[in-house]
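So you can see what is in the structure, the chains are spelled out below.
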Amino acid sequence: AYAALSQGEAALAEHRYKKAIRFDPLDGRLRVSAAEVYLMQGKETEAFEMLDTAEDLSPDDPVSYLIRAKIAHRRGDTAEAARSYERVITLAPYKDLEAVSGLFNVHAETGETTRAISVGMAALERFPKEAFSSFLWVDPNKEKILAEREMLEKAIQKLRSTQL
């Protein structure tokens, strides 16, 4: 399935994931990957169904909730998006800032600026600037996380300036 995806063959990848799921129906991660393939093809309903099962099988996998949050946010279901982003942050508070940025945006878009700023500030405290220069923190995504942190910091400043 991965090879098919790398060659841009989403339909073939979907077929291969379905086959893999038949062989290992209890593997939640396979279902999350299948949901991603459905999304690539614009099949949001199928993706949601696959995520439902994945979350039943692997309730502590933050990736499924992140995908769910993005779909819900895109659909305008801010309550579902917020719940899913919050679940990701609970499950993986030090993974990255993608879910934090998503939750920040949901709160900002719904007029909950104080809540948005609170979410953003808590994340900035979890990811202090000094940590990025430490040789003790080894993470291949460190630069990406730093860029996300800087964007979040700017978004907080901008939101604060609109409150004045």
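In this report, the structure presented in the accompanying data block is examined.

1. Let's talk about helix 5 (residues 62-75)
Counted at 1.5 Å a residue, the expected span for helix 5 with its 14 residues is 20 Å, and the 20 Å between its end C-alpha atoms agrees. Extensive coverage of helix 5 is indicated by the burial of 10 of its 14 residues. Pro62, Ser64, Tyr65, Leu66, Ile67, Arg68, Ala69, Ile71, Ala72 and His73 are the residues of helix 5 that are buried. Structurally, helix 5 contributes buried residues whose contacts are with helix 3 (28-40), helix 4 (44-57), helix 6 (78-91) and helix 7 (98-109). Of the residues flanking the start of helix 5, the one acting as N-cap is aspartate 61, its side-chain oxygen 3.1 Å from the backbone nitrogen of valine 63. Glycine 76 occupies a position one or two residues after helix 5 and carries a positive phi of about 90 degrees.

2. As for the layout of surface pockets
Reported here for the largest pocket is a volume of approximately 250 Å³. Lining the largest pocket are 17 residues, with Val63, Leu66, Lys70, Asp96 and Glu98 positioned closest to its centre. Of all the secondary structure elements, the ones that give two or more residues to the lining of the largest pocket are helix 3, helix 5, helix 6 and helix 7. Looking at which element gives the most residues to the lining of the largest pocket, the answer is helix 5, with five residues.

3. Some details on helix 4
Here helix 4 contains 14 residues, and its C-alpha end-to-end distance of 20 Å stays within 8% of the 20 Å for a straight helix at 1.5 Å per residue. If you check which residues of helix 4 are buried, you get Ala47, Phe48, Met50, Leu51, Ala54 and Glu55. Around the axis of helix 4, the buried residues are gathered within 165 degrees of arc, so they sit on the same side. Buried positions along helix 4 lie against helix 2 (10-23), helix 3 and helix 5.

Parameters at a glance
- Residues numbered from 1 in each chain as written.
- Predicted model: local features only at pLDDT ≥ 70, side-chain atom pairs only at ≥ 80, totals over all residues.
- Heavy atoms only, no water.
- Helix = DSSP H or I, 4+ residues; strand = E, 2+ residues; numbered from the N terminus.
- Expected span 1.5 Å × (residues − 1).
- Buried < 20%, exposed > 50% of the residue type's maximum accessible area, 1.4 Å probe, protein only.
- Contact = heavy atoms within 4.5 Å.
- Polar contact = N/O pair within 3.5 Å; in protein donor to acceptor, adjacent residues only side chain to side chain.
- 1 Å grid on protein atoms, 1.4 Å probe; cavity = no way out; pocket = protein on both sides within 12 Å on 5 of 7 lines; lining within 4 Å.
- Points joined across faces, edges and corners; volume = space filled by probe spheres on them.
- Arc of directions from axis to C-beta.

Interpretation note: all reported values are geometric properties and have no functional meaning in isolation.
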